[in-house]
Amino acid sequence: ENLVEVSKMKSRVLSSRLFSRVRNKLSSTMRMPALRMQNMLEVARKEDHKAISEKRDTSPVPYVAAAAAAAPIVTGFPAQVLAVTPPLFYFYLQTSGIATCNKIKESGTTGDFSPAQFVSLYTNGTVWVIYGALAQDMTVLIPNATAVGFGLYYTSVFAKYHPESMMKWYAGSAAIIAGSAAAATLPNGLDIVGWTGCVMAVILLSSPLAVVGKVIKDKSTAALPFGPSLAGFLNASTWAAYGSLVAMDPYIYAPNGLGMAACAIQLSLFGIYGFPPAASAEEAKPVEDLEPADGEEKPKA
C-alpha cells in the first residue's frame, strides 16, 4: 500500500510539472487549440492511473507522448507567418466569386456555372465557425465567419438568375449546419464537427470540378472559373501548411491536402485547354456603333 501511495504521489507531481510545461509552451507560440491538448493530457492521466491501480510500473511516457504530439514543427516568426497567411488566401478565395457573380448579372443567366461553389462556401464556413469556437482557435473562426457572409451573398445572386429551384441545395445545407450545431453539444462534438468540416472543405475546394465533364467534352475552360481555382489552390496549400506544421491538427491539414490536389487538377485543365477566348472587339461594340450592312440604315439612337 505504501508503494502504491508513493507511486500516486510521484504521478501527481509528474503530471503537474509536465502539464505546466506544456501549457506555458502553448501560450508562448502558436499551438494546437488548448482544449485539444487538455483532452490528450486527460487521456494520458487516465492511462497512468489505470497502471497504478493494476500495480504496474508507471512512467512519464504517456505525458511525453502527448507533449510531443502537441509540439509544432515550426515555431517563432515562421509560425506567425503561417498563422496569418491562410486567412488572407481564404479571404482571396471568398472574394474571387465576385467576378463570377458580375458575369451572371451581366448575362442575366447562370449559364453553365454550378451552385455548388456558392452554397458550399457558406455551409463550409458555418461548420468551421462552430469548430473554431469549440477548439478556441481564432485563426479558424474569424476567416470562416466572413466566408458565411460572402457565401450567402453569392448564393442569393445565383438563385435570382438560376432558372431551377434551389430548395434541394438549401435543404442539404440546412441539414449539415443543424447536425453540426447539435453535435457540438456532445462530449465528442469537436471530433464530429471536425470530420464534418473535413468533408465540407473538400467539397468547397473541389466544387468547380462539377463542370469538369463539360470542360473535357467541349475542350474549353469557359465553364471553369480560373479565379476561384487559383484562389482555392493557394488557400488549401497554406492551410495544409498551417495545420501540419503549426496547429498539428489533422482536421485542418488532411482535407486541405485533398483540396489542394483537387485545385491542382482544375488548374491543369487550363494548361491543357488554355483560357477561353475573349470576346472580339467587333462583338464588344455597342449596337449603335456597328457599321450598317449595304442597303441598311444605321440605327438611330
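Within each chain, residue numbers correspond to sequence positions counted from 1 in written order. For a predicted model such as this one, the threshold for reporting local features is a pLDDT of at least 70, and the threshold for listing and counting side-chain atom pairs is 80 or more; totals across whole chains, interfaces and linings nevertheless cover every residue. To obtain the side-chain values, all non-hydrogen atoms of the structure were used and water was disregarded.

Caption draft 1: Structural view of the packing of helix H8 (residues 167-183) against helix H9 (residues 189-206). Every axis corresponds to a line fitted to the C-alpha atoms, with the helix fit spanning only the stretch in contact, and the corresponding angles, defined between N-to-C directions, vary from 0 to 180 degrees. A run of H or I in DSSP becomes a helix once it reaches four residues, and a run of E becomes a strand once it reaches two; helices and strands are each numbered from the N terminus. Two numbers describe how H8 lies on H9: the axes approach to 8 Å, and their chain directions differ by 155°. What the angle tells us is that H8 and H9 run roughly antiparallel. In this structure, H8 meets H9 at a crossing whose hand is left-handed. Where H8 approaches H9, its residues Ile176, Ser180 and Ala183 are matched on the opposing element by Gly189, Ile192, Val193, Thr196 and Met200. Residues are grouped as follows: Ala, Val, Leu, Ile, Met, Phe, Trp, Tyr, Cys and Pro are nonpolar; Asp, Glu, Lys and Arg are charged; all remaining types, including Gly, are polar. A breakdown of the residues in the contact of H8 with H9 according to their chemical character gives five nonpolar, three polar and no charged. Here roughly perpendicular refers to angles of 65 to 115 degrees, roughly parallel to angles under 35, roughly antiparallel to angles over 145, and oblique to all remaining angles. We call a crossing left-handed when the near helix sits turned anticlockwise from the far one by less than a right angle, and right-handed when that turn is clockwise. Here, two residues are considered to be in contact whenever any of their heavy atoms come within 4.5 Å of each other.

Caption draft 2: Focus on the pattern of salt bridges. Salt bridge, as used here: a side-chain nitrogen of Lys or Arg that lies within 4 Å of a carboxyl oxygen of Asp or Glu. Summed over all chains, the structure comprises one salt bridge. In this structure, the salt-bridge partner of lysine 214 is aspartate 218, at a minimum N-O distance of 2.8 Å. Here lysine 214 and its partner aspartate 218 are both found in helix H10 (residues 212-218), four residues apart, which amounts to about one turn of the helix.

Caption draft 3: Spotlight on the packing of H9 against helix H12 (residues 250-273). Where H9 meets H12, the axes come as close as 8 Å, and the angle between the chain directions of the two elements is 10°. Taken together, the axis directions place H9 and H12 in an arrangement best described as roughly parallel. Residues Leu190, Asp191, Gly194, Trp195, Cys198, Ala201, Val202, Leu205 and Ser206 of H9 form the contact with H12, whose participating residues are Tyr251, Pro255, Asn256, Leu258, Gly259, Ala262, Cys263 and Gln266. Tallied by class, residues from the contact of H9 with H12 come to eleven nonpolar, five polar and one charged.

Caption draft 4: Helix H5 (residues 97-107), seen in detail. The cut-offs for exposure are 20% and 50% of the maximum accessible area for each residue type, with area from a 1.4 Å probe on protein chains only; residues under the lower value are buried, those over the upper are exposed, and the others partly exposed. Gly97, Thr100, Cys101 and Ile104 are the residues of H5 that are buried. Projection of H5 onto a plane perpendicular to its axis shows the buried side chains occupying an angular sector of 100°, all on one side. Facing away from the buried side of H5 by more than 90 degrees, the exposed set consists of Lys103 and Glu106. Summarising the contacts, the buried residues of H5 are in contact with helix H4 (76-95), helix H6 (116-135), helix H7 (138-161) and helix H11 (226-247). Downstream of H5 by a residue or two, glycine 108 has a phi angle that is positive, lying close to 75°. Regarding the arc, it is the one traced by the directions from the helix axis to the C-beta atoms.

Caption draft 5: Molecular detail of the nonpolar core. For this analysis, a nonpolar core means a set of buried residues of the types Ala, Val, Leu, Ile, Met, Phe, Trp, Tyr and Cys, connected via side-chain atoms within 4.5 Å. Formed by 41 residues in total, the largest nonpolar core has its most connected members in Tyr90, Tyr131 and Tyr242. Elements supplying a minimum of two residues to this core: H4, H5, H6, H7, H9, H11 and H12. Per-element tally for this core: the top contributor is H6, with nine residues. The contacts of tyrosine 242, once residues within four sequence positions are left out, are Leu82, Ala83, Pro86, Asp137, Thr139, Ala247, Met248 and Ile252. Val211, Val215, Ala223 and Phe270 belong to the second largest nonpolar core, which has six residues in total.

Caption draft 6: The side chain of threonine 238, seen in detail. Considering the arrangement of structural elements, one finds threonine 238 in helix H11. Contacts described as polar in this section are N or O atom pairs within 3.5 Å, which, within protein, must combine one atom able to donate a hydrogen with one able to accept it, while residues neighboring in sequence count only if both atoms come from side chains. Here leucine 234 takes part through its backbone oxygen, which lies 2.9 Å from a polar atom of the side chain of threonine 238. Aside from chain neighbours lying at most four places away, what touches threonine 238 is Thr85, Pro86 and Phe89.

Caption draft 7: Here's a closer look at H11. Between the first and last C-alpha of H11 there are 30 Å, a value that for 22 residues agrees with the 32 Å anticipated at 1.5 Å per step. One or two steps after H11, the chain reaches methionine 248, where phi turns positive at roughly 55°. Helices are assigned an expected span. That span is 1.5 Å times one less than the residue count.

Caption draft 8: Spotlight on the confidence of the model for the chain. Considering every residue of the chain, the mean pLDDT works out to 76; 68% of them sit at 70 or more. In predicted models, pLDDT denotes the confidence assigned by the predictor to each residue on a 0 to 100 scale. Considering each helix and strand of the chain separately, the mean pLDDT is smallest for helix H13 (residues 281-284), with a value of 40, and largest for H8, with 94. Considering only residues more than four positions removed or in separate chains, one finds that residues 25-35, a stretch of pLDDT under 50, has 24 contacts. Contacts of residues 279-290 to residues separated by more than four positions or lying in other chains number four contacts, the stretch itself having pLDDT below 50.

Caption draft 9: The packing of aromatic side chains, seen in detail. Only Phe, Tyr and Trp rings take part, Trp by its six-membered ring, and two of them pair if their centres are within 6.5 Å. Stacked means planes under 30 degrees apart, edge-to-face means over 60, and tilted covers everything else. Tallied over the full model, the rule gives twelve aromatic pairs. Measuring from centroid to centroid gives 5.7 Å for phenylalanine 118 and tyrosine 154, while their planes differ by 55°, and the two rings are tilted. Separated by 36 residues along the polypeptide, phenylalanine 118 in helix H6 and tyrosine 154 in helix H7 bring together distant segments of the chain. Taking 6.1 Å as the distance between ring centres and 85° as the angle between the ring planes, the aromatic pair formed by tyrosine 131 and tyrosine 251 counts as edge-to-face. Placement of the pair is tyrosine 131 in helix H6 and tyrosine 251 in helix H12, with a sequence separation of 120 residues. A relative accessible area of 1% places tyrosine 131 in the buried class. Linked through ring pairs, Phe91, Phe118, Phe150, Tyr153, Tyr154 and Phe158 together constitute an aromatic cluster.

Caption draft 10: Main features of the environment of alanine 79. On the secondary structure map, alanine 79 appears in helix H4. Residue alanine 79 is classed as buried on the basis of its relative accessible area of 1%. Taking the C-alpha atoms as reference points, alanine 79 and alanine 241, 162 residues apart in sequence, are found 9.9 Å from one another.

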